[in-house]
Amino acid sequence: MKSKIKQLIPDQETGQNSIDKMRESIFESVWAQTNNDSSCMVYVDETGRVYKNWQSFLDDNVLPAGTMISPRRGVYNFCINGNVILDAYCTPNATPGAKVMSAAQTSTAVLGVGAACVPIAAALTLPVAAPVMAAAGIVGLGVGAFSTVTSALNLNDRRKHEQSISITDSQARASYLGIAGGLLGMAAAGATRFLNNMAAAGNATAAIEVIVNGINISTILVSGTGIANGVLDIIFKYQDDDTISTLDVLQLSASLVLFTHSVYNFQLASQIANQARTNSIKSYRETLSNRQRRMFDKMSKETMRIRGNTKGKIDIIRNINKIPDRQYLNDLFKVNKRLNEAKVRPAFGKSGKGVVLNNEMLVDTAVLRQNVNILKQVSQPIPAGHLDNNVATNRTTAATARLFLNSVSGRNTALNLEDTLNDNGGSSRSTAEILAVLSVMLPNGDIIDLSRFGEKFLTKIVDGEQFQDVIETMASKLPEKVILFVLDLTQYFMENILDQIVYVLQFSISTESVLYRILKRILTRFQHFTYEQIFTKRKEILEYLKEYYWSLNSNNVGARTRCSKCNGWYTICEL
């Protein structure tokens, strides 16, 4: 099939990566139809989109705007005079609705870029009026909302037409990022506005700030990833001479505007909360006497020195809220000289727990004033200053099980069986000679010589890549005893059952095909069975193989039925 697709879509001088992706997409989409139970003819286009019937193709194809001339129902048929029956259709992209949507995506993308420039200008300290910033924020939210809707519609369309919606697919990934970025962007804007209102009322707590900053940081990460993904996708499409759609530009624009405004909101949220904490501390400080103020300033500086500006201010506020009496400052002022002599610095304890000495020992200041010998119990020196980046990360790389195919004469060098069998790799040895010395090295180091499974097993290996894939999959999913069971059962089928089936079907059945069918049966029906339990299913697996291959008999057809959608005829065979 891959060879035929390559003939339909030959290599190109430019944009070969796009051609390779197109071929792979078509192959996967066509191959996925082997279990399709549709009575209508299924259509797969050059992008790998699957259409359940001809009408679905006419309604949902992604051809450029224009008129499409095609054989009726996509099949070449002739009229009485011998001419091909042709029909003319308007492509979906040529409809008024599609043109309006394309124009809306383009104009929204332009608005998004403009709205993104406003917070960038503010970050560069250029004068930006508050109404302008507010308007840019509203536009940014609108762009994000529109991108979220169009991205969701795109994912639904891809799902409907059996295109990949995996996060590993660049187009699907862009839509996921568009949805996540849009939703987080709207949440971040609302959370920042809520924090602003709480701060104005004097109720901006640390917990609220953490939540708001978490939402903003999440938006920054997601939208930043969307920018990187969008830029790379456009670059790759440009290099491959692929079409850059208006949706691509819209999603990139939305990520850009959400990123810039989220960064601005994050800075604004930090300023709001920090200003609220500063004002709270300032208000408390103004109520103190001169000597109380001196000790309060000393403790505040030490607290922020050892815990950082943000966490330090939070601890200061928690303590002053929990200690209504200012006597602790008077006590510390009286013993300040002894504190300096003992090289001990007082600070506010964590989470409002009172006064702590050298960030080690909590102390009752009244008791300390009565008995300064308590200072001798402080064992730790003055603590080092706060470090923002003192967390080291450890990365571990997990080893993955891998199967090696080697010749007996050189087991230390992995053999690429695809090149060896399909291209012969420039080797002077014949394919039969190479197959005769093949062996399999399992992940645990055990080696299995394939020659033990007979000549028919080896000579029926048709595609080296497929055979190697099946063997490696077995090695990664099955224990050694079960692998040997699969190989032995394949040998038995090839030597005792295969010839009768091939005689009737009139086409070849490869070793890798039989291996794959047995492996799939075990993983589907007996995945959690022990070797002893799987061995008892030997006869059942052989019956399954025979039924499967007999079902491929093209002469085994039932009564024909007319399709109500396309008026074509179809038959149903038992699998």
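As the structure is a prediction and not an experimental result, all values here were calculated from the model.

Q: Can you break down the environment of isoleucine 9 residue by residue, with the values?
A: Among the structural elements, isoleucine 9 can be located in the loop between α1 (2-8) and α2 (16-31). A relative accessible area of 14% places isoleucine 9 in the buried class. C-alpha separation for the pair isoleucine 9 and methionine 22, spaced 13 residues apart in sequence, amounts to 8.5 Å.

Q: Account for the packing of aromatic side chains, naming residues and giving values.
A: Under the defined criterion, the tally for this structure stands at 15 aromatic pairs. An angle of 80° between the planes, with centres 6.3 Å apart, marks the rings of phenylalanine 457 and phenylalanine 467 as edge-to-face. In this pair, phenylalanine 457 sits in helix α16 (residues 455-459) while phenylalanine 467 sits in helix α17 (residues 464-477), placing the two residues 10 residues apart along the sequence. The pair phenylalanine 457 / phenylalanine 467 is uniform in exposure class, with both members buried. In this structure, arginine 521 is placed above the aromatic ring of tyrosine 544, and the distance from its NZ or CZ to the ring centre is 4.4 Å. Above the face of the tyrosine 492 ring, arginine 538 is positioned so that its terminal group lies 5.2 Å from the ring centre.

Q: I'd like a rundown of the nonpolar core, residues and numbers included.
A: Here is a general trend for soluble globular proteins: nonpolar side chains tend to be buried in one another's company. Counting residues in each nonpolar core, the largest one holds 41 residues, and the members touching the most others are Met474, Val486, Leu487, Phe493, Leu515 and Ile522. Where this core is concerned, the elements lending two or more residues are β9 (438-441), α16, α17, α18 (480-496), α19 (498-505), α20 (511-525) and α22 (538-550). By residue number, the principal contributor to this core is α18, which donates nine residues. Those residues in contact with methionine 474 that sit more than four places away from it in its chain are Ile483, Val486, Leu487, Leu515 and Leu519. One finds Leu332, Phe348, Val355 and Val372 within the second-largest nonpolar core, a separate group that totals 26 residues.

Q: Just give me the short version of the pairing of strand β4 (residues 86-90), but keep the residues and values in it.
A: Burial along β4 is one-sided: the residues Asp87 and Tyr89 are buried and none of Leu86, Ala88 and Cys90 is. Pairing of strand β3 (residues 67-71) with β4 involves five bridges; the strand directions are antiparallel. Across the sheet, proline 71 pairs through a bridge with leucine 86, a residue of β4.

Q: Would you mind going over helix α9 (residues 290-307) in detail, with residue names and values included?
A: Its 18 residues place the ends of α9 26 Å apart at the C-alpha level, agreeing with the 26 Å of an ideal helix rising 1.5 Å per residue. Three or more residues of α9 are buried, namely Gln292, Met295, Phe296, Met299, Ser300, Glu302, Thr303, Ile306 and Arg307. For α9, the angular spread of the buried residues around the axis is 165°, confining them to a single face. Seen from the open side of α9, the exposed residues pointing more than 90 degrees away from its buried face are Asn290, Arg294 and Lys301. Just past α9, the residue glycine 308 takes up positive phi, approximately 90°.

Conventions and cut-offs
- Position labels on residues start from 1 in each chain and follow its written sequence.
- Totals for whole chains, interfaces and linings use all residues, but because this is a predicted model, local features are given only for residues with pLDDT of at least 70 and pairs of side-chain atoms are given and counted only at 80 or more.
- As a convention, hydrogens and water are excluded, and side-chain values are obtained from all of the structure's heavy atoms.
- Put simply, DSSP H or I for four residues or longer makes a helix, DSSP E for two residues or longer makes a strand, and each gets a number counted from the N terminus.
- Only protein chains enter the area calculation, which uses a 1.4 Å probe; residues under 20% of their type maximum are buried, those over 50% are exposed, and those in between are partly exposed.
- The rule is short: rings of Phe, Tyr and Trp, with Trp giving its six-membered ring, pair when the centres are within 6.5 Å, and they are stacked under 30 degrees, edge-to-face over 60, tilted in between.
- By definition here, charges over rings are those cases where NZ of Lys or CZ of Arg is within 6 Å of the ring centre and within 35 degrees of the ring normal.
- Think of a nonpolar core as a cluster: buried Ala, Val, Leu, Ile, Met, Phe, Trp, Tyr and Cys residues, connected wherever their side-chain atoms sit within 4.5 Å.
- Contacts are assigned to residue pairs that have any heavy atoms within 4.5 Å of one another.
- We call two strands paired when DSSP finds no fewer than two bridges between them.
- Expected helix span is taken as 1.5 Å per residue step, with the number of steps being one fewer than the number of residues.
- By arc we mean the arc of the directions from the helix axis to the C-beta atoms, nothing more.

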